[in-house]
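# Coordinates in review
Spelled out, the chains give:
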There are 2 protein chains.
Amino acid sequence: MGTFAVTGSASGMGAAVTARLIADGHRVIGVDRQTADVVADLSTEAGRTEATRAVLDLADGHLDGAVMAAGLGPTPRKEHLVATVNFLGVRDLLTGWRPALEAAGGKAVVIGSNSSTTTPLVPRSAVRRLLAGDVDGAVRVMRRFGPAAGAFTYAASKIAVTRWARRAAVTRAWAGSGINLNVIAPGAVMTPMLRTQLQGQNAGQLRAFPIPTRRFGDPENIAAWIVMMLGPAAADMAGSMVVVDGGTDAHFRSDHWPAPVPLRSLARYGFRFLRHDAHVVD
Amino acid sequence: MGTFAVTGSASGMGAAVTARLIADGHRVIGVDRQTADVVADLSTEAGRTEATRAVLDLADGHLDGAVMAAGLGPTPRKEHLVATVNFLGVRDLLTGWRPALEAAGGKAVVIGSNSSTTTPLVPRSAVRRLLAGDVDGAVRVMRRFGPAAGAFTYAASKIAVTRWARRAAVTRAWAGSGINLNVIAPGAVMTPMLRTQLQGQNAGQLRAFPIPTRRFGDPENIAAWIVMMLGPAAADMAGSMVVVDGGTDAHFRSDHWPAPVPLRSLARYGFRFLRHDAHVVD
């Protein structure tokens with residue numbers, strides 16, 4: 001059976017997918033701040049470097065899959081921490097693990113969020129700065145928005161990490177090297193994080209947020225989707241965002257996506273069309 | 001085990017999912033122009049009405065799932081046929097089957113296409129007309145574009161059917177009634193339709209289209225995703241478009257989606273926020 005790395009393995013969706021993989025007979029190398037094979041703090045560069053290296057050692061350079069479930073929810077006054085863990089905690093580790101995934105023909109799943117499509121007015125310049133690795137700059141932009149900074153930072157971190165994954169997934173280093181990298185975007189899932197939020201001062205706001213299926217997500221269901229995205233049928237999936245959110249994204253954005261390539265993007269489209277490293281080989 | 005209706009069951013993805021469901025012990029009621037339990041021509045209103053009724057009779061009013069795989073590829077000079085089968089052939093049948101899906105707590109999967117996000121300049125007015133059921137009007141718009149009419153019609157039919165599904169999926173009649181309706185968007189899949197196209201005059205164009213995984217899709221893989229979308233983990237999915245296209249969508253559109261709710265949509269967002277038929281019930 002395979003060897004899988006799971007960040008955020010100690011609780012919530014990371015714990016659910018860890019349990020599923022172990023039940024299926026796989027080996028899981030868990031990464032978390034406590035109660036994990038690799039104990040690490042992904043909010044520091046040293047912690048990310050050490051976690052990357054420790055997993056590669058334990059996996060002996062072969063990873064059949066990686067699940068990037070470590071992350072923080074919207075947290076007022078913790079903008080720097082949220083942006084760092086949610087974005088750099090995925091980008092840096094996956095970049096370091098890429099050769100081990102290639103060696104095993106592996107697959108990787110990033111936990112995004114439907115906040116990436118259902119949050120209004122997230123500043124685009126913050127997303128751009130995150131993608132450039134400039135967390136300080138992104139947080140400076142976000143803090144201009146006062147009480148909205150927490151929600152904006154969370155949404156921007158999830159947009160940035162999804163965009164990073166979509167950009168990377170289709171390159172020669174990933175899809176072209178037999179690695180399938182994709183994103184799952186849950187809505188509110190019944191995890192310890194949500195339970196805490198439902199007891200906090202924003203509980204009313206959380207309950208007012210529309211979910212057409214009229215239930216919070218089940219961590220076991222999300223784990224089943226992640227396992228599917230780590231399995232053989234994902235060989236034909238690259239750079240996709242699989243939204244499993246009870247319908248909130250479609251409730252707010254049904255007409256915004258899918259959409260045709262617009263006129264202003266035609267030059268880029270033509271350029272991308274001519275890239276000759278992404279054609280079928282017989 | 002369950003009873004499932006599959007349109008386009010005689011070939012391609014419809015046949016692959018039919019075989020999978022039968023192998024898993026389910027009963028499939030196939031709908032196709034030939035070699036099917038229900039032989040029907042979905043390009044005529046009488047054919048669609050008759051197919052809807054015949055399946056309901058055979059299923060005794062209980063459907064655990066429906067897979068809408070009947071459809072035509074881009075076909076020059078057949079714009080009316082393509083638009084009718086690809087859009088009305090899904091909308092009319094699913095609308096008729098909805099009560100049977102509700103009776104069984106069923107799930108439905110529409111076969112969209114990554115053409116809905118990777119085709120440039122598809123006329124929005126054609127999509128709007130299709131959504132209003134005005135196939136004649138949509139085709140008139142498309143024919144103005146001469147040689148592009150075939151590609152535009154195919155893409156517009158897939159945008160329209162995906163948008164229709166996303167709009168319907170989150171309503172009280174679907175998600176609110178326990179039915180999970182979602183869309184799968186494959187790229188080029190190795191089906192009889194693609195094999196024919198690869199021997200035709202547009203073979204060069206087809207092979208030039210970027211696919212980062214460097215392979216055409218495997219119908220068995222697509223069938224596995226559809227079966228997943230018909231299974232218990234799909235209870236938390238509504239109105240999603242699951243792209244399984246080897247990365248072409250991400251190759252062209254990585255930065256276009258996900259995207260925050262823009263300023264111009266803020267009024268609609270607020271209105272949708274206040275809809276009180278889509279909140280969690282304890």
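Overview of the structure. Residue numbering note: each chain is counted from 1, following its sequence as written. The order in which chains are written sets their letters, starting at A; the order in which ligands are written sets their numbers, starting at 1. With pLDDT at 70 or above as the cut-off, local features in this predicted model cover only qualifying residues; side-chain atom pairs require 80 or more to be listed or tallied, and sums for whole chains, interfaces and linings still use all residues. To obtain the side-chain values, all non-hydrogen atoms of the structure were included, while hydrogens and water were left out.

## What to know about the overall build of chain A
Going along the chain from the N terminus, every DSSP run of H or I of four or more residues is numbered as a helix, and every run of E of two or more is numbered as a strand. Of the regular secondary structure elements, chain A holds 12 helices and 7 strands. Taken over the C-alpha trace, chain A has a radius of gyration of 18 Å; the compact-globule value for 282 residues is 19 Å, and the two agree within 12%. If one aligns the C-alpha atoms of chain A with their principal axes, the spans along those axes are about 50 × 50 × 40 Å. Exposure is judged per residue with a 1.4 Å probe applied to protein chains only, and the accessible area is read against the type maximum: over 50% gives exposed, under 20% gives buried, and values in between give partly exposed. Classification of the 282 residues of chain A by burial places 60% in the buried group. C-alpha atoms define the radius of gyration in this analysis, and the globule rule sets the expected value at 2.2 Å times the number of residues to the power 0.38.

## Side note on the sheet that holds strand 7 (residues 241–244) of chain B
Strand pairing in a sheet takes place through backbone hydrogen bonds and is either antiparallel or parallel in direction. Residue and element names in this part refer to chain B. Strand pairing is assigned whenever DSSP identifies at least 2 bridges connecting the two strands. Taken in spatial order, the 7 strands of this open sheet run 3-2-1-4-5-6-7, and their pairing is parallel. Strands at the two margins of the open sheet, each flanked by one partner only, are strand 3 (38–39) and strand 7. As defined by bridge partners, strand 1 (residues 3–7) adjoins strand 4 (residues 65–68) across 4 bridges and the pair is classed as parallel. Of the residues in strand 4, the one forming a bridge with Ala-5 is Ala-66. The contact definition used throughout considers only heavy atoms, calling two residues in contact when any of these lie within 4.5 Å. Orientation is described by lines fitted to C-alpha atoms, with helices fitted over the stretch in contact, and by angles between N-to-C directions that extend from 0 to 180 degrees. Where helix 10 (residues 219–229) meets the sheet, its contacts fall on strand 4, strand 5 (107–111), strand 6 (180–186) and strand 7, and the angle it forms with strand 6 comes to roughly 165°.

## Some details on the interface of chain A and chain B
Contact residues are listed per partner, giving 79 residues for chain A and 79 residues for chain B. Note on terms: buried area is the combined drop in 1.4 Å-probe accessible area of two parts once they are placed together, counting the loss on both. In terms of surface lost to chain B, no three residues of chain A exceed Arg-214, Asp-236 and Trp-257 of chain A, which account for 12% of the buried area on that side. The salt bridge definition used is simple: a Lys or Arg side-chain nitrogen within 4 Å of an Asp or Glu carboxyl oxygen. Counting the contacts that link chain A with chain B gives 6 salt bridges. We note a salt bridge from Arg-166 of chain A to Asp-249 of chain B, for which the minimum N-O separation is 3.0 Å. Counted as a polar contact is a pair of N or O atoms within 3.5 Å, where, for protein atoms, one must be capable of donating a hydrogen and the other of accepting one, and residues adjacent in sequence contribute only when both atoms are in side chains. Applying the counting rule to chain A against chain B returns 49 residue pairs in polar contact (both at pLDDT 80 or more). Of all the elements in the fold, those that place two or more residues in the side of chain A that touches chain B are helix 4 (115–118), helix 7 (149–169), helix 9 (203–208), helix 10 (219–229), strand 7 (241–244), helix 11 (248–253) and helix 12 (266–273) of chain A. For this classification, Asp, Glu, Lys and Arg are treated as charged, while Ala, Val, Leu, Ile, Met, Phe, Trp, Tyr, Cys and Pro are nonpolar and the rest, including Gly, are polar. Here the side of chain A that touches chain B is composed, by residue class, of 41 nonpolar, 20 polar and 18 charged.

## As for the relation of the copies chain A and chain B
Mapping chain A onto chain B is achieved by rotating through 180° and translating by 0.0 Å along the same axis, at an RMSD of 0.0 Å. Each copy turns onto its partner about a two-fold axis. Of every C-alpha in chain A, the one belonging to Val-242 of chain A sits nearest the axis of rotation, 2.8 Å from it. Both copies share a contact surface, since 100% of the interface residues of chain A are interface residues in chain B too. Superposition of the copies was done by least squares, using only C-alpha atoms of residues whose pLDDT is at least 70 in both.

## Brief notes about the sheet that holds strand 6 (residues 180–186) of chain A
Residues and elements named next belong to chain A. With parallel pairing, the 7 strands of this open sheet are ordered in space as 3-2-1-4-5-6-7. The open sheet terminates on both sides in strands that have one partner only, identified here as strand 3 (38–39) and strand 7. Summarising the sheet, strand 6 and strand 7 pair through 4 bridges and their orientation is parallel. Looking at strand 7, one finds that Ala-185 is bridged to Val-243. Across the sheet, helix 7 lies against strand 5 (107–111), strand 6 and strand 7, angled at about 155° from strand 6, the strand it touches most. Sheet contacts for helix 10: strand 4 (65–68), strand 5, strand 6 and strand 7; angle to strand 6, the most-contacted strand, approximately 165°.

## Remarks on empty space enclosed by the protein
Here the term cavity refers to a set of points on a 1 Å grid, laid over the protein atoms alone, in which a 1.4 Å probe fits but cannot get out; the term pocket refers to an open set having protein on both sides within 12 Å along at least five of seven lines, with lining residues being those that place an atom within 4 Å of a point. Grid points are joined across faces, edges and corners, and a volume is the space filled by probe spheres set on the points. Counted under the stated rule, the structure contains 2 cavities of 30 Å³ or more. When its volume is computed, the largest cavity comes out at roughly 140 Å³. Every residue lining the largest cavity is listed: Arg-166, Ser-240, Met-241, Val-243, Asp-249, Trp-257 and Pro-258 of chain A together with Arg-166, Met-241, Val-243, Asp-249 and Trp-257 of chain B. Every element with two or more residues in the lining of the largest cavity is listed here: strand 7 of chain A together with strand 7 of chain B. Across the lining of the largest cavity, the residue classes break down as 7 nonpolar, 1 polar and 4 charged. There is about 50 Å³ of room inside the second largest cavity. Of the residues in the lining of the second largest cavity, the class split is 5 nonpolar, 3 polar and 3 charged.

## Digging into a positive patch on the surface
Residues with no salt bridge and a relative accessible area higher than 30% make up the patches, which join like charges within 9 Å and nonpolar side chains (Val, Leu, Ile, Met, Phe, Trp, Tyr) within 5 Å. Reported accessibility uses the Shrake-Rupley method at a 1.4 Å probe radius. Residues are deemed covered only where the shown protein chains occlude them. A positive count includes Lys and Arg, and a negative count includes Asp and Glu. His and the chain ends are not counted in either. To locate a charge, take NZ of a lysine, CZ of an arginine, CG of an aspartate or CD of a glutamate. Side chains of Arg-124, Arg-128, Arg-129, Arg-140, Arg-144 and Arg-264 of chain A together with Arg-124, Arg-128, Arg-129, Arg-140, Arg-144 and Arg-264 of chain B sit close together on the surface and give a patch of like positive charge. When contributions to the positive patch are tallied by element, the ones reaching two or more residues are helix 5 (124–131) of chain A together with helix 5 (124–131) of chain B. By secondary structure assignment, the location of Arg-124 of chain B is in helix 5.

## Points about the pattern of salt bridges
A full pass over the atoms with the stated rule returns 20 salt bridges over all chains. Linking Arg-167 of chain A and Asp-255 of chain B is a salt bridge whose minimum nitrogen-to-oxygen distance equals 2.7 Å. Of this pair, Arg-167 of chain A sits in helix 7 while Asp-255 of chain B sits in the loop between helix 11 (248–253) and helix 12 (266–273), on two different chains. With relative accessibility at 36%, the residue Arg-167 of chain A sits in the partly exposed group. In this structure, Arg-91 of chain B and Asp-92 of chain B form a salt bridge, with 3.0 Å as the shortest nitrogen-oxygen distance.

## Section: the packing of helix 3 (residues 79–104) of chain A against helix 6 (residues 135–143) of chain A
All names here are of chain A. It is the contact of helix 3 with helix 6, at a shortest axis distance of 10 Å, that shows an interaxial angle of 130°. As far as their axial angle goes, helix 6 and helix 3 are oblique. Between helix 3 and helix 6 the crossing geometry is right-handed. Between helix 3 and helix 6, the residues in contact are Glu-79, His-80, Ala-83, Thr-84 and Leu-88 and Val-135, Asp-136, Val-139 and Arg-143, respectively. Across the contact of helix 3 with helix 6, the residue classes tally to 4 nonpolar, 2 polar and 3 charged. Here is the rule for angles: anything less than 35 degrees is roughly parallel, anything more than 145 is roughly antiparallel, 65 through 115 is roughly perpendicular, and the remaining ranges are oblique. Note on convention: the crossing is left-handed when the near helix lies turned anticlockwise from the far helix by less than a right angle, right-handed when the turn is clockwise.

## Thoughts on the packing of aromatic side chains
Note on aromatic contacts: the rings of Phe and Tyr and the six-membered ring of Trp form a pair at centre separations within 6.5 Å, being stacked when their planes are under 30 degrees apart, edge-to-face when over 60 apart, and tilted otherwise. Evaluated as defined, the whole model comprises 15 aromatic pairs over all chains. Both rings, one in Trp-164 of chain B and one in Trp-174 of chain B, keep their centres 6.5 Å apart while their planes meet at 85°; by these two values the pair is edge-to-face. Residue Trp-164 of chain B is located in helix 7 (residues 149–169), and its partner Trp-174 of chain B is located in the loop between helix 7 and strand 6; the two are separated by 10 residues in the primary sequence. Assigned by exposure class, Trp-164 of chain B and Trp-174 of chain B land together as buried. Among the aromatic residues, those joined into a ring-pair cluster are Phe-209 and Phe-252 of chain A together with Tyr-269 and Phe-273 of chain B.

In short, geometric facts, not functional conclusions.
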